[in-house]
Amino acid sequence: MIRQELKPPDDKSNPDLVIAQYKSLARQAPLIYGIGLIGGWSLAISHWNVAPLWAVFVYPLLVTIVSAVRGYTWAQVRNSDVTYADAKRQLDRSNVMAIVVPILFGFWGFSLFPYGDMALQGHVIFTVCVGTVSVMFCVLHLRSAMLVGVVFINLIGASYFLIFQDFTHLPLFISSVIFCIALSFVFRNYYDDFIQLVQTGRALKIKQSELELKAAETQRLAGENEKLANHDPLTGLPNRRLFFSTLQTSCVKANKAGTVYGLCIFDLGGFKALNDLFGHVAGDNLLVQVAKRLKEKAGGEFISRLGGDEFCYVVDNDANAREVELKCRQIMEIFKAPFLVPGGGVSLSGYAGVAVLAGPEETHVELYENAAFALKVAKRKPEHGFVLFGDPQRQEMEQTIRLERTLLNANLAKEMTLEYQPIIDIHSYNVRGFEGLARWDNPELGRIPPSSFIPVAEHSGYINQLTGYLMQRALKDARNWPDDVSLSFNLSPTNLSSKDLVSQLLQIVFQSGFDPNRLEFEITETAVMWDFDQALLAVQQLKEKGARISLDDFGTGYSSLKFIHELPLDKIKVDRSFVRDINTDQTRHGIVKSLLTLSHDMNIDCVIEGVETNAELEIIRKIGGELVQGYLLGKPMKPSDIPSCLKSSDKRQKTAWLTAS
């Protein structure tokens, strides 16, 4: 136990204890030497006339010099930081000095013991005892040094009693020894409390460090979350959320400062087709390339990816709208050089809509809507691909808004009807089916074509309700048709992306009693590309109930061949753009012939749309065409005209048989 008590501190698992002991000693060491010098010189002065010069002056002077140097050294480092290794090294030295210092001061005090009378001898013992107790208080946090010092100072005193055989003051000396021993046990509790305090402080430091690490990690994660929330993970550009936040702030500043502020929104022409052709990885790489070129071209201007293949570019603080337009046209130069894809390079086109902040009364939302509308117009005019929002677009936009409001308030039962265009078998002259075409006659606006009101219905979210109503009307009109005559009904991209609408349409068909095998849903490539996975699920759901699926406007998109393989199709409809001038244009002649061969090989029907002349009809008959739709053989008609159409079809069929016989 004594060995354990005298063992110097070396707890590497708790370096804070060693450092705390060192700091405590550094504060108390000058005081220890001061106490020793005060006690020693008080004895020297009291023995000045009775003791030799070496004992009252020479030796005390040497001890004073050593003590002053040591005390000054400790005073210099008392407030400085120290490492565990340095503190451990100093404490090891202090345990050695715990032997040296008691010897120096003990010899000083007891060397005067033989020269005085009983009073002076009592003074020596009292001074040594008081000094020892004072030093014990000073080093109670360094228990090993305290115990070593007490042991050696009392050994020196005992040695003097044994050497000089003077036991007059022995009881007093023994009392001081017992007192020191008792104090050492008392100080043990204080020492344990000191250790506990250091350990508690260390635990708090560890906890604080953990909290700081957690705070730093939380801050880092918050930064990452903010970046993820405000930036596109693929391109690193600001996303839609940050775009609108920045746009709002910038528009307010521009309006206050009276500066010109422009916005360009553009997307990539042909990107979806390339994405389907080369895969999503290549498509993502294309978007990254576009973002990189944008950063280089835009300089310090704000650019953002709004989603999909749609980007935006902000032009701030320019002189006039003309400069905004020039900068936006320059930014579109990123499409001049080909982009890298697997196997080489490919060209992309860009459609851009630009709008300039009109004045303090215009908000950031209106600015965005103007630019988005200009982009929509640009897509309708691919030969230009760039539209600056102006009065013509504003008028068109206002007309669209008016059309949307009128549609939402329309009386569908009175205003919305269907006309039906026949699909003719040009070999038997039979009507194989009718395609339902929506018609809207409004009391104020007159007849509005589907190309105008269908996009408006999609934009307003009214298309599903409109489709459901038209489906009911079509089934009602077709219920008295012959069993071998089918009904074709068009679905929009929004229809296909709605799970609820597909179920609703099937429920309408079930309630009508119309045979699903006579029902054909026409979808376009655009509708499929909108969300291919959902479109495929919708088509499969319709097929499971017996309906047929037709791909309309076949050949006009980039991915028609892809869809004909991946979708469970029953029919393709060749777009009328391939039929025009088919009798003189060999390229169109070859395309239509190839599509007829393709449909035959895949065992699906093929309808040639837009046949308007006898010459076109004759060419189609010669190259193997069977089903035709066009103004030559039948224009869209009202439901009441269908019976006469079917009768004339029977008449043409009989005439054809008689001629053939």
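All of these numbers come straight from a predicted model, not from anything done at the bench.

Visitor: Explain the overall build of the protein chain to me, using residue names and the numbers behind them.
Guide: A tally of helices and strands in the protein chain yields 24 helices and 16 strands. Taking all contacts inside the protein chain whose residues are at least 6 apart in sequence as the whole, residues at least 24 apart take part in 72%. Total accessible area on the protein chain stands at roughly 34000 Å², and carbon and sulfur atoms take up 57% of it.

Visitor: Which residues make up the pairing of strand β14 (residues 571-574), and what are the values?
Guide: Side chains K571 and K573 project from β14 onto one buried face, and the interleaved I572 and V574 project onto a second face that is buried too. Sheet topology places strand β13 (residues 548-554) next to β14; three bridges connect them, and they run parallel. In the strand pairing of β14, S550 is matched with K571. In this sheet, strand β15 (residues 605-609) lies alongside β14 in parallel orientation, the contact comprising four bridges. Residue V574 lies in a different strand from β15, and its bridge partner there is I608. With respect to chirality, the unit in which β14 leads through helix α22 (residues 586-601) into the neighbouring parallel β15 is right-handed.

Visitor: Describe the nonpolar core, and please don't skip the residues or the numbers.
Guide: Core analysis: the biggest nonpolar cluster contains 78 residues, and M416, F434, L487, F521, I523 and I608 have the highest contact counts within it. The element best represented in this core is helix α16 (residues 463-478), accounting for eight residues. If near-sequence neighbours (up to four positions away) are discounted, M416 is found in contact with L407, N411, R439, W440, F453, L466, Y469, L470 and R473. I32, W108, F113 and Y160 belong to the second-largest nonpolar core, a separate cluster that totals 37 residues.

Visitor: Go over helix α3 (residues 53-77) with me, naming the residues and quoting the values.
Guide: A rise of 1.5 Å per residue sets the reference length of α3, with its 25 residues, at 36 Å; its end C-alpha atoms lie 36 Å apart and thus fit the reference within 8%. The axis of α3 is deflected most strongly, by about 30°, at P60. Regarding α3, the residues found buried are A55, V56, Y59, P60, V63, S67, G71 and W74.

Visitor: Would you mind going over the side chain of E435 in detail, with residue names and values included?
Guide: Summarising the element assignment, E435 is placed in strand β9 (residues 431-442). The class of E435 is buried, set by a relative accessible area of 5%. Within the local environment of E435, its side chain forms a polar contact with the side chain of N490, the two groups lying 3.1 Å apart. Discounting residues that sit within four places of it in the chain, E435 has contacts with E419, Y420, Q421, S488, N490, E522, K573, E609 and Q629.

Visitor: Residues and numbers for the packing of aromatic side chains, please.
Guide: This model, assessed by the stated rule, comprises nine aromatic pairs. Judged by centre distance (5.0 Å) and plane angle (70°), the ring pair of F243 and F244 falls under edge-to-face. Residues F244 and Y368 carry aromatic rings whose centres are separated by 4.9 Å and whose planes lie at 65° to one another, so their mutual orientation is edge-to-face. With F244 in helix α8 (residues 240-257) and Y368 in helix α12 (residues 364-380), the pair connects residues that are 124 residues apart, well separated along the chain. Given a relative accessible area of 12%, Y368 falls into the buried group. Aromatic rings pair up to connect F266, F311, F335 and F339 into one cluster. If you follow R293 out to its NZ or CZ, it ends over the ring of F339, 3.8 Å from the centre. Between the NZ or CZ atom of R329 and the centre of the ring of F386, over which it lies, the distance is 3.9 Å.

Visitor: Report on the environment of G546, specifying residues and quantitative values.
Guide: Mapped onto the elements, G546 comes out in the loop between α20 (532-544) and β13. With 28 residues separating them in the primary sequence, G546 and R518 have C-alpha atoms 8.6 Å apart. Setting aside residues up to four positions removed in sequence, G546 forms contacts with P516 and N517.

Visitor: Got a sec to walk through a nonpolar patch on the surface? Specific residues and values, please.
Guide: Residues W48, V50, L53, W54, F57, V58, L61, L62, I65, V69, F107 and Y115 make up a contiguous nonpolar surface patch of roughly 1100 Å² in combined accessible area. If you tally residues by element for the nonpolar patch, the top one is α3, at eight residues. For W48, the position within the fold is in the loop between α2 (15-46) and α3.

Visitor: Outline the confidence of the model for the protein chain, listing residues and values.
Guide: A residue-level look at the protein chain finds 89% of positions with pLDDT of 70 or above and a mean pLDDT of 82. Across the protein chain, element-level confidence peaks in strand β11 (residues 486-490) with a mean pLDDT of 95 and bottoms out in helix α1 (residues 2-6) with 45. Low pLDDT, under 50, characterises residues 1-6; the stretch is placed with seven contacts to residues that sit more than four places away or in other chains. Long-range and interchain partners of residues 656-661, a stretch whose pLDDT sits below 50, account for one contact in this model, where long-range means more than four residues apart.

Visitor: Could you give me a rundown of α2, with the residues and numbers involved?
Guide: When the terminal C-alpha atoms of α2 are compared, their 46 Å separation across 32 residues agrees well with the 46 Å that a helix rising 1.5 Å per residue should span. Maximum bend of α2: about 40°, positioned at Q28, with proline P30 one to four residues after it.

Visitor: Can you tell me about the packing of α2 against α3, naming the residues and giving the values?
Guide: The N-to-C vectors of α2 and α3 enclose an angle of 160°; their axes lie 9 Å apart at closest approach. Between α2 and α3, the angle is such that the two are roughly antiparallel. In the packing of α2 onto α3, the handedness of the crossing is left-handed. For the pair α2 and α3, the contacting residues are Y22, L25, A26, A29, P30, Y33, L37, W41 and A44 in the first and V56, F57, P60, L61, V63, T64, S67, R70, G71, W74, A75 and V77 in the second.

Visitor: How would you summarise the pattern of salt bridges if you had to cite specific residues and measurements?
Guide: Under the definition given, this model contains 23 salt bridges. The shortest N-O distance in the salt bridge between K571 and E520 comes to 3.0 Å. One end of the pair, K571, is in strand β14; the other, E520, is in strand β12 (residues 519-524), and 51 residues separate them in sequence. Here K571 falls in the buried class, since its relative accessible area comes to 5%.

Visitor: Summarise unusual backbone geometry; cite the residues concerned and give the values.
Guide: Positive phi, normally seen in glycine, also occurs at Y429, with a value near 65°. By the element assignment, Y429 lies in the loop between β8 (416-425) and β9. The backbone of D581 sits at a positive phi, close to 60°, despite the residue not being glycine. With a relative accessible area of 41%, D581 lands in the partly exposed category.

Visitor: Tell me about the environment of E525, residues and numbers included.
Guide: Mapping E525 onto the fold places it in helix α19 (residues 525-530). Distance from E525 to P493, taken between C-alpha atoms, is 9.0 Å for residues 32 residues apart in sequence.

Visitor: Let's hear about the packing of helix α9 (residues 271-278) against helix α10 (residues 280-298): which residues, and what values?
Guide: Describing two packed helices takes the angle between their axes plus the distance from one axis to the other. Where α9 meets α10, the axes come as close as 6 Å, and the angle between the chain directions of the two elements is 140°. Taken together, the axes of α9 and α10 are oblique relative to one another. Between α9 and α10, the contacting residues are F271, L274, N275 and F278 on the first element and H280, A282, G283, L286 and L287 on the second. Per-class residue counts for the contact of α9 with α10 are six nonpolar, three polar and no charged.

Visitor: Run through the state of the cysteines, naming residues and quoting values.
Guide: All chains considered together, the criterion is met by zero disulfides. Of all cysteine sulfurs, the one in C264 lies closest to C328, which takes part in no disulfide; the gap is 4.2 Å.

Parameters and conventions
- Every chain is numbered independently, its residues counted from 1 as its sequence is written.
- Totals for whole chains, interfaces and linings use all residues, but because this is a predicted model, local features are given only for residues with pLDDT of at least 70 and pairs of side-chain atoms are given and counted only at 80 or more.
- Side-chain metrics rest on all non-hydrogen atoms present in the structure, leaving aside hydrogens and water.
- Numbering of helices and strands runs from the N terminus, with a helix taken as a DSSP run of H or I at least four residues long and a strand as a DSSP run of E at least two residues long.
- Contacts are assigned to residue pairs with any non-hydrogen atoms lying within 4.5 Å of each other.
- Here the open area of atoms and residues is found with the Shrake-Rupley method and a 1.4 Å probe, where only the protein chains shown may cover a residue.
- Type-normalised accessible area, obtained with a 1.4 Å probe on protein chains alone, sets the label of each residue: buried when under 20%, exposed when over 50%, and partly exposed for intermediate values.
- Think of it this way: DSSP has to see at least two bridges between two strands before they count as a pair.
- Look down the strands so they point away from you; if going from the first strand over the helix to the second traces a clockwise path, that crossover is right-handed.
- In this description, a nonpolar core means a group of buried Ala, Val, Leu, Ile, Met, Phe, Trp, Tyr and Cys residues linked to one another through side-chain atoms lying within 4.5 Å.
- Given the number of residues in a helix, its expected span is that number minus one, multiplied by 1.5 Å.
- Axes are fitted to the seven residues ending at a residue and to the seven starting at it; the angle between these axes is taken as the bend at that residue.
- Each polar contact in these results corresponds to two N or O atoms within 3.5 Å; when the atoms are within protein, one needs to be able to donate a hydrogen and the other to accept it, and residues that are neighboring in sequence are counted only if both atoms are side-chain atoms.
- Only the six-membered ring of Trp is used, alongside the rings of Phe and Tyr, when aromatic pairs are assigned; centres must lie within 6.5 Å, and planes under 30 degrees apart are stacked while those over 60 apart are edge-to-face, with the rest tilted.
- Here, a charge over a ring means that NZ of Lys or CZ of Arg falls within 6 Å of the ring centre while also lying within 35 degrees of the ring normal.
- Residues qualify for a patch when their relative accessible area is over 30% and they have no salt bridge, like charges being joined within 9 Å and the nonpolar side chains of Val, Leu, Ile, Met, Phe, Trp and Tyr within 5 Å.
- Counted as salt bridges are all cases of a side-chain nitrogen of Lys or Arg within 4 Å of a carboxyl oxygen of Asp or Glu.
- Within a predicted model, pLDDT stands for the predictor's per-residue confidence, ranging from 0 to 100.
- Angles here are taken between N-to-C directions and fall from 0 to 180 degrees, while the axes themselves are lines fitted to C-alpha atoms, restricted in helices to the stretch in contact.
- Roughly parallel means an angle under 35 degrees; roughly antiparallel means over 145; roughly perpendicular covers 65 to 115; every other angle is labelled oblique.
- Helix crossings get a hand from a simple test, with the near helix turned counterclockwise from the far one by less than a right angle marking a left-handed crossing and a clockwise turn marking a right-handed one.
- Residue classes follow a fixed rule: Ala, Val, Leu, Ile, Met, Phe, Trp, Tyr, Cys and Pro count as nonpolar, while Asp, Glu, Lys and Arg count as charged, and any other residue, Gly among them, counts as polar.
- Two cysteine sulfurs form a disulfide in these notes if their separation is within 2.5 Å.

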